[in-house]
Amino acid sequence: MAQAFYLGMDDLAIHLDTAIGDALDGNPGALARIKRFRRQIRNRLNKYLLAGGDTSVGGNLLLSAATQAQEATIDEDLPRLVDARREVTDARSQLAEEAVG
């Protein structure tokens, strides 16, 4: 269960990073994609916790990054989008650490 969770979260992190890059480039569909990935991250994290999984710092960081990216995209705040993208990278590193134990 845990391995599937971490691999799935990493996939979502990659997709979120791409969507943030699209938002930075001004692509019109980026906000909808960021919202979708945020919802998927939240749902996967909640499902994992409800199934008895341990608290995931990396998962929480990723959810925080998605939330920040969503708000920054709505506000057209490019510096906050860049920060959110950095947070995605930090979340991926943390998820990798958690996955290997």
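Residues numbered from 1 in each chain as written. Predicted model: local features only at pLDDT ≥ 70, side-chain atom pairs only at ≥ 80, totals over all residues. Heavy atoms only, no water.

As for helix α1 (residues 2–24)
The condition is simple: Counting from the N terminus, the helices are DSSP H or I runs at least four residues long and the strands are E runs at least two residues long. By this rule the span expected of a helix is its residue count minus one, scaled by 1.5 Å. Categorising residues by exposure relies on relative accessible area from a 1.4 Å probe, with only protein chains included: less than 20% of the type maximum marks a residue as buried, more than 50% marks it as exposed, and the intermediate range marks it as partly exposed. In this analysis, two residues are considered to be in contact whenever any of their non-hydrogen atoms come within 4.5 Å of each other.
For α1, built from 23 residues, the straight-helix expectation of 33 Å at 1.5 Å per residue is met to within 8% by its first-to-last C-alpha distance of 33 Å. Those residues of α1 that fall on the buried side of the exposure criterion are Phe5, Tyr6, Gly8, Met9, Leu12, Ala13, Leu16, Ala19, Ile20, Gly21, Asp22 and Ala23. Tucked into the core, α1 has its buried residues touching α2 (30–50), α3 (57–75) and α4 (78–100). With its phi angle positive at about 85°, Gly26 sits one or two positions after the end of α1.

Overview of the pattern of salt bridges
The test is simple: We define a salt bridge as a side-chain nitrogen of Lys or Arg found within 4 Å of a carboxyl oxygen belonging to Asp or Glu.
Considering all chains together, one arrives at seven salt bridges under this definition. The salt bridge partner of Arg33 is Asp22, with a shortest N-O separation of 2.3 Å. On the criterion of sequence distance, the pair formed by Arg33 in helix α2 and Asp22 in helix α1 is long-range, its members being eleven residues apart. Owing to a relative accessible area of 23%, Arg33 belongs among the partly exposed residues under this scheme. Among the charged side chains, a salt-bridge network with shared partners connects Glu71, Asp75, Asp77 and Arg80.

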